Amino acid sequence: DGSAQFGADFIELFNPGTTSVTLTSAWTIESRSETAGSYNIRFTGSGQVVPPGAHFLIVGSTYSGAVAGDAPFASGITEESSVVVRNNGVVVDAVCFGCGTNNFTDHVCEGPIITYTGCSNNINRSFERKPGGALGNCIDTGDNAADFNEITPSNPQNLASPPTP
C-alpha cells in the first residue's frame, strides 16, 4: 500500500484464465531488497483455489485495507524490492520497484524498475497491472514500467471481490 509502516503491504494475484488455479506448495512469492544477498519466501501456497477472473490477496501483518486478505505473508516486503512469483522454482512473474536511487543489478526484474516518488511519505498507494480496476489486471509485456500504473489510493481486491475480465 506504499505505507511507511513495515508489513502494511499486499500482493494481489489475478487469474486471467478460463479455469481455476490451485496454489499448491509449488507456488511461492519471494522478495529481495535492493541490498539483500538473496530472495526470501514471503508466501507459499497451501491449496487455495483462485477461480477464473478472481483476485487472491496476500497481506502483511499490519495491512488494514478496505478488503480482507485471503492469506498472510510470512514477513513483510521492503519499500524497494524485487518480487518474484514462482511455480516449481520457475519464475512466472517478476517486478522490481523503488525510488529510483538503486539499480537492482543482479535481481530478477522484467524490464526497468517501477519508479515512484515520495518513498518516505506515508501514502496509501499501490502498483496495479494494466488495464486496471474492473477491466482486469493482465497486461504483461515483460516491461514492468509499461505494464503497471501507480494508483492512489490503493484498491486491493480479494476472492470475495467481483470477478473481472
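For the structure itself, consult the block above.
Residues numbered from 1 in each chain as written. Predicted model: local features only at pLDDT ≥ 70, side-chain atom pairs only at ≥ 80, totals over all residues. Heavy atoms only, no water.

A. Representation of the overall build of the protein. Along its length, the protein carries 1 helix and 12 strands. Reading the secondary structure of the protein in the N-to-C direction produces β-β-β-β-β-β-β-β-β-β-β-α-β. Computed over its C-alpha atoms, the radius of gyration of the protein comes to 15 Å, within 12% of the 15 Å expected for a compact globule of 165 residues. C-alpha extents for the protein along the principal axes are approximately 40 × 35 × 30 Å. Relative to its 165 residues, the protein shows a buried fraction of 47%. Excluding contacts between residues fewer than 6 apart, the proportion of contacts in the protein whose partners are at least 24 apart in sequence is 58%. When the accessible surface of the protein is totalled, it reaches about 7,800 Å², and 54% of it is carbon and sulfur. Treating the 6 positive side-chain charges of the protein as one cloud and the 16 negative ones as another, the clouds have centres 3 Å apart. (Helix = DSSP H or I, 4+ residues; strand = E, 2+ residues; numbered from the N terminus. Rg over C-alpha atoms; globule rule 2.2 N^0.38 Å. Buried < 20%, exposed > 50% of the residue type's maximum accessible area, 1.4 Å probe, protein only. Contact = heavy atoms within 4.5 Å. Areas by Shrake-Rupley, 256 points an atom, 1.4 Å probe, with all protein chains shown as cover. Lys, Arg positive; Asp, Glu negative; His and termini not counted. Charge placed at Lys NZ, Arg CZ, Asp CG, Glu CD.)

B. Expanded view of the sheet that holds strand E3 (residues 27-33). Ordered by their spatial adjacency, 5 strands build an open sheet running E4-E3-E8-E9-E10, and the pairing between neighbours is mixed. Each of the sheet's edge strands pairs with one partner strand only, and the pair in question is strand E4 (40-44) and strand E10 (114-115). Relative to E10, strand E9 (residues 90-98) runs parallel, the two sharing 2 bridges. Paired with Phe-97 across the strands is Ile-114, a residue of E10. (Pairing = 2+ DSSP bridges.)

C. Region of the structure containing the packing of aromatic side chains. Tallied over the full model, the rule gives 3 aromatic pairs. Ring geometry for Phe-43 versus Phe-56: centroids 5.9 Å apart, planes at 55 degrees, classification tilted. Residue Phe-43 is located in strand E4, and its partner Phe-56 is located in strand E6 (residues 55-59); the two are separated by 13 residues in the primary sequence. Like Phe-43, the residue Phe-56 is buried in the burial classification. Consider the rings of Phe-97 and Phe-127, whose centres lie 6.1 Å apart with planes at 40 degrees: the pair is tilted. Taken together, the residues span a long stretch of sequence, with Phe-97 in strand E9 and Phe-127 in strand E11 (residues 126-129) at a distance of 30 residues. Note on Phe-127: relative accessible area 25%, which makes it partly exposed. (Phe/Tyr/Trp six-rings, centres within 6.5 Å; stacked < 30°, edge-to-face > 60°.)

D. Quick look at the pattern of salt bridges. Counting across every chain of the model gives 5 salt bridges. Among the salt bridges present, the one from Arg-86 reaches Glu-30, with a minimum N-O distance of 3.0 Å. Note that Arg-86 is positioned in strand E8 (residues 81-87) and Glu-30 in strand E3, a separation of 56 residues in sequence. Residues Asp-140 and Arg-129 are paired through a salt bridge, measuring 3.6 Å at the closest nitrogen-oxygen approach. Here the residue Asp-140 occupies a position in the loop between E11 and helix H1 (144-147), and Arg-129 occupies one in strand E11, the gap between them amounting to 11 residues. (Salt bridge = Lys/Arg side-chain N within 4 Å of Asp/Glu carboxyl O.)

E. Region of the structure containing the state of the cysteines. Applying the stated rule across the entire model yields 1 disulfide. Here Cys-96 is linked by a disulfide to Cys-109, with a sulfur-sulfur distance of 1.8 Å. Judged by the sign of its S-S torsion, about -85 degrees, the cystine formed by Cys-96 and Cys-109 is left-handed. Linking Cys-96 in strand E9 with Cys-109 in the loop between E9 and E10, this pair joins segments that are 13 residues apart in sequence. On the basis of relative accessible area, Cys-109 is assigned to the partly exposed category, the value being 24%. (Disulfide = S-S within 2.5 Å.)

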